[in-house]
Amino acid sequence: MRTPMNEALLRHFKDLRDGDHGNVVTREDKERVFARAVELLDPVARRALDEANADLLLGTGQVVASGVTRSREGGLNAMWSLTWRQQRESGVQPIAVVAHFGCDFHHPHLRGNTVGDWPLNVFDEADAAGQLDTLRVIAAGDAHNLVFQESYRLMPAITASDVTSQAAHGR
């Protein structure tokens, strides 16, 4: 049985082989497919970031979505960001899931603010749901890299447990 992650890779490789994306060839059609993929991914991206918010940020964060926007270079982007007070105060980027379709790309990809590209081959709700683990990994990778850039103090789940632990030990 193939995993959803490997299914997405196989769709990606077939696109490269066949010179299309979601059975379309023109840039205009591919942009329509991208916009639909963003719609389908919205609840999945929000779920992945809501899980990170609950586990790492103790519910103190907020998920914000950009919708589809055009980049300066002419490509398309969509971003789901998880922001929270400590992140904003430290000046580091939020945890993010980014869908992007560069102006010279054959097809779109997913990434984080600090994590590299993964193929975005989502054409229906099942494909979108199958990306949950990928989006979780992107969010977790961003969280790890942001702590590496700044400090563990970015994560309320750690700082709150430090306070609790210190109080329990009379410190």
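An account of the accompanying structure is given in this report. (Residues numbered from 1 in each chain as written. Predicted model: local features only at pLDDT ≥ 70, side-chain atom pairs only at ≥ 80, totals over all residues. Heavy atoms only, no water.)

**Concerning the pairing of strand β3 (residues 76-83)**
Selection rule: Think of it in three bands: with a 1.4 Å probe and only protein chains considered, a residue is buried below 20% of the maximum accessible area for its type, exposed above 50%, and partly exposed in between. Note on conventions: DSSP H or I runs of at least 4 residues are helices, E runs of at least 2 residues are strands, and numbering of each starts at the N terminus. Think of it this way: DSSP has to see at least two bridges between two strands before they count as a pair.
With six of eight residues buried, β3 is to be regarded as a mostly interior element. Sheet analysis places strand β1 (residues 62-65) next to β3, joined by four bridges and oriented antiparallel. Directly across from V63, in β3, lies its bridge partner L82. Bridge count between strand β2 (residues 69-70) and β3: two bridges; the pairing is antiparallel. Looking at the pairing, R70 lines up with L76 of β3. Following β2, the chain reverses through five residues before pairing antiparallel with β3; G74 in that reversal takes a positive phi of roughly 105°. One ladder, built from seven bridges, connects β3 with strand β4 (residues 95-101); its direction is antiparallel. Note on β4: the bridge partner recorded for A78 is A99.

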